[in-house]
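Descriptive structure summary
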Amino acid sequence: MTTADEQIEHRQNQFHTWGVYGLLAVSTLLSVAAHELMTSPAEWYAAGALVVAAVLLQLWHGPRRGRRTPSVRGTAYYFMRWAVAFTLTWLNPFFGFYAATGYFDSDELIPGRRRQWLGLLATVVVVAGSQSGGMPIRSPTQWLLFGGLLVANFALLTVVGHITQQEEERSRERAVTITELEHTNAALQRALDENAALHAQLLVQAREAGVADERRRLAAEIHDTIAQGLTGIIAQLQVVANAPDLAVARTHLERASDLARHSLGEARRSVHNLAPVALSDAGLPEALKKTVAEWGERTGVCAEFTVTGTAEQLHEEVAATLLRIVQEALSNASRHASAGRVGVTLSFLGDEVILDIRDDGHGFDPLTVPARTGSGGFGLDGMRARAERIAGSLTVESEPGHGTAVSARVPLVRHD
C-alpha cells in the first residue's frame, strides 16, 4: 500500500469513527435550539436518554481500523442505530442529520446486496420524514412532500451507488493491471541482470585475451609487488639503522627478509600470469584479512578488516584486482596519510562486490592530485584503471584533515 493509499485509509477511519459523534452533536445542538418542537418534559427526557444510548452504542461498536467485513454483529449495530435515529427524529426532525449516518457504512456492516439496499431504504424513510417536517405526518400536503423527498433521496442514492460501484470496479481493474506490470517489470529486471552478468563475463574474457591490456597489467603488477616490497624493506632497514639493541634489529631484519621473499614470489607469479601469492591457497576474504593484518603489524597502524554479505568464490582476475587495489591503498596510507587507523570492508551485494578502504590520516584535495610522472607510482590512476578493466569503477573521497575513503565497485563474476 502506497503512502497516498494509507492517508486515504486513515481519513476514512477517522470519518467512520468520529463522523457519527459529530452528526449526533450537530443534531443535538439544533434540537436544543429548536426547543419549541419538543413541548413536554417527557420528550426532553426521552431525547436525552436516546442521545446517551446513541453514544453508548457507538462506543460498543468501537473505532474503525480498516475496512470492515459485513457480519451479524454489524447488522445488529446498523439497525439498532437506525431505531435510535428513527425515535429521535420522531421527537425532533433535526435529528435527521444523525439518521443520515446510515448512508455511509451499510456496505461494511450488512452482508448481502439486497439487505444493504433494505437498510438504505429504511434510512431514506427516516431522512425523508425529517426533511418533510418531521413525523408523524399530519396533512395531505406533508404526505405529498414526504413521498417526493422519498423518491428523490432514493433516486440520488441509487445514482451515487451506481457511480461508486463503477469506480470500485475500475479500481480493481487498475490494481490487477498494476500487479501485472510489477510482475513484468520484475521479469524484465531479472533478464537485465542476467544480461549484465553475461556482459561482465564477456568483458573479462576479452580483456584476458588483449595484448595491450596484458602489458598494462604486468606494469601494474610489477609496481604493486617489487616497488611496494622494496618500500617496505627500506622502511624496515631504516628501523634497523636506529635500533637500540640487537633483538629489535634482528626482528626488523627478519621482516625485511620476509618482504624480499614475498616480493620475489609475486614478481615470478606476475610474469607467469598467475594469481597473487596471497590468493594461491586462500580466497579473497582470507587473503585480504592476512594482507591487512600484516600491513598493520608492519606499520604499527591499527588496521581492521570486515566482510559483509555472503562471501563467494570470485573469478581470479576480479579477486586479484581487488587485492591489488587494497595493497596500493594501504601503501598510499603508509607513505602519505600518516593514519592512526585504517578500515577495509569487503561487501558482497548480489550482483556486485564493493571494496571500501578508509583511513583517518591527513587527507587531500582529489582535484589537486598531480598527474602521474615517469618516476612516480601508479597511485589512484592505477587503482582506477584496474577497476575499469573489469567493468568496475573507483571513487575517492577525501578532504584535508579529514582522512580518505577509497571505494571500488566491480561486477560479481564467479569462479568458473
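The next point concerns the packing of aromatic side chains. For the structure on display, the rule yields 7 aromatic pairs. Seen in terms of ring centroids, W18 and Y21 are 5.7 Å apart; in terms of plane orientation they differ by 40°. Their pairing is tilted. Here the residue W18 and the residue Y21 both occupy positions in helix α1 (residues 3-33), the gap between them amounting to 3 residues, near one helical turn. Taking the relative accessible area as the measure of exposure, W18 reaches 57% and is therefore exposed. The class for Y21 is partly exposed, based on a relative accessible area of 23%. Sitting over the face of the ring of W60, R73 holds its NZ or CZ atom 4.2 Å from the ring centroid.

Let's shift gears to unusual backbone geometry. Of note, the amide linkage connecting M135 to P136 takes the cis form, showing an omega dihedral of 5°. The residue P136 is located in the loop between α6 (113-131) and α7 (140-209) in this model. Positive phi, normally seen in glycine, also occurs at S338, with a value near 50°. Positionally, S338 belongs in the loop between α11 (316-337) and β2 (341-349). You will see that A391, though not glycine, has its phi angle at about 60°, which is positive.

A few words now on empty space enclosed by the protein. Scanning the entire structure with this criterion turns up 3 cavities of 30 Å³ or more. Computed from the structure, the largest cavity encloses a volume of approximately 90 Å³. In terms of lining residues, the largest cavity is bounded by F15, H16, G19, V20, Q58, H61, R68, Y77, R81, T101, F104 and D105. Mapped onto the lining of the largest cavity, the elements with two or more residues apiece are α1, α2 (41-61) and α3 (72-91). Looking at which element gives the most residues to the lining of the largest cavity, the answer is α1, with 4 residues. When its residues are assigned to classes, the lining of the largest cavity shows 4 nonpolar, 5 polar and 3 charged. Taken as a whole, the second largest cavity spans an internal volume of roughly 50 Å³. Considering the residues around the second largest cavity, the lining is formed by Y78, R81, W82, A85, Y98, A99, T101, G102 and T123. Going through the elements one at a time, α3 and α4 (96-99) are the ones with two or more residues in the lining of the second largest cavity.

Below, the discussion takes up the sheet that holds strand β4 (residues 393-398). The 5 strands lie next to each other as β1-β2-β3-β5-β4, forming an open sheet whose pairing is mixed. Looking at the sheet topology across the chains shown, the edges are occupied by β1 (302-308) and β4. On average, each strand axis in the sheet is tilted by 10° relative to the strand beside it, whichever way the strands run. Across 8 bridges, strand β3 (residues 352-359) lies against strand β5 (residues 404-411) in antiparallel orientation. Looking across to β5, one finds that D359 is bridged to T404. Strands in contact with α11 are β2, β3, β4 and β5; relative to β3, the strand with the most contacts, it is inclined by about 10°. Along the sheet face, helix α12 (residues 379-389) touches β4 and β5 and points at about 145° away from the line of β4.

Turning our eyes to something else, we now look at the confidence of the model for the protein. Taken residue by residue, the protein gives an average pLDDT of 82. The fraction at 70 or more is 85%. Across residues 373-377, confidence stays below pLDDT 50; counting only partners more than four residues off in sequence or on other chains, it has 2 contacts.

Contact geometry of α1 with α2 gives a least axis separation of 10 Å together with a crossing angle of 170°. With respect to α2, the element α1 is oriented roughly antiparallel. Seen from α1, the contacting residues are H16, T17, V20, Y21, L24, T28, S31 and V32; seen from α2, they are W44, V51, A54, V55, Q58 and L59. The residue inventory of the contact of α1 with α2, partitioned by class, reads 9 nonpolar, 5 polar and no charged.

Basis of the calculations
- Residues numbered from 1 in each chain as written.
- Predicted model: local features only at pLDDT ≥ 70, side-chain atom pairs only at ≥ 80, totals over all residues.
- Heavy atoms only, no water.
- Phe/Tyr/Trp six-rings, centres within 6.5 Å; stacked < 30°, edge-to-face > 60°.
- Helix = DSSP H or I, 4+ residues; strand = E, 2+ residues; numbered from the N terminus.
- Buried < 20%, exposed > 50% of the residue type's maximum accessible area, 1.4 Å probe, protein only.
- Lys NZ or Arg CZ within 6 Å of the ring centre and 35° of its normal.
- 1 Å grid on protein atoms, 1.4 Å probe; cavity = no way out; pocket = protein on both sides within 12 Å on 5 of 7 lines; lining within 4 Å.
- Points joined across faces, edges and corners; volume = space filled by probe spheres on them.
- Nonpolar A, V, L, I, M, F, W, Y, C, P; charged D, E, K, R; others polar.
- Pairing = 2+ DSSP bridges.
- Axes fitted to C-alpha atoms, helices over the stretch in contact; angles between N-to-C directions.
- Contact = heavy atoms within 4.5 Å.
- pLDDT = per-residue confidence, 0-100.
- Parallel < 35°, antiparallel > 145°, perpendicular 65-115°, else oblique.

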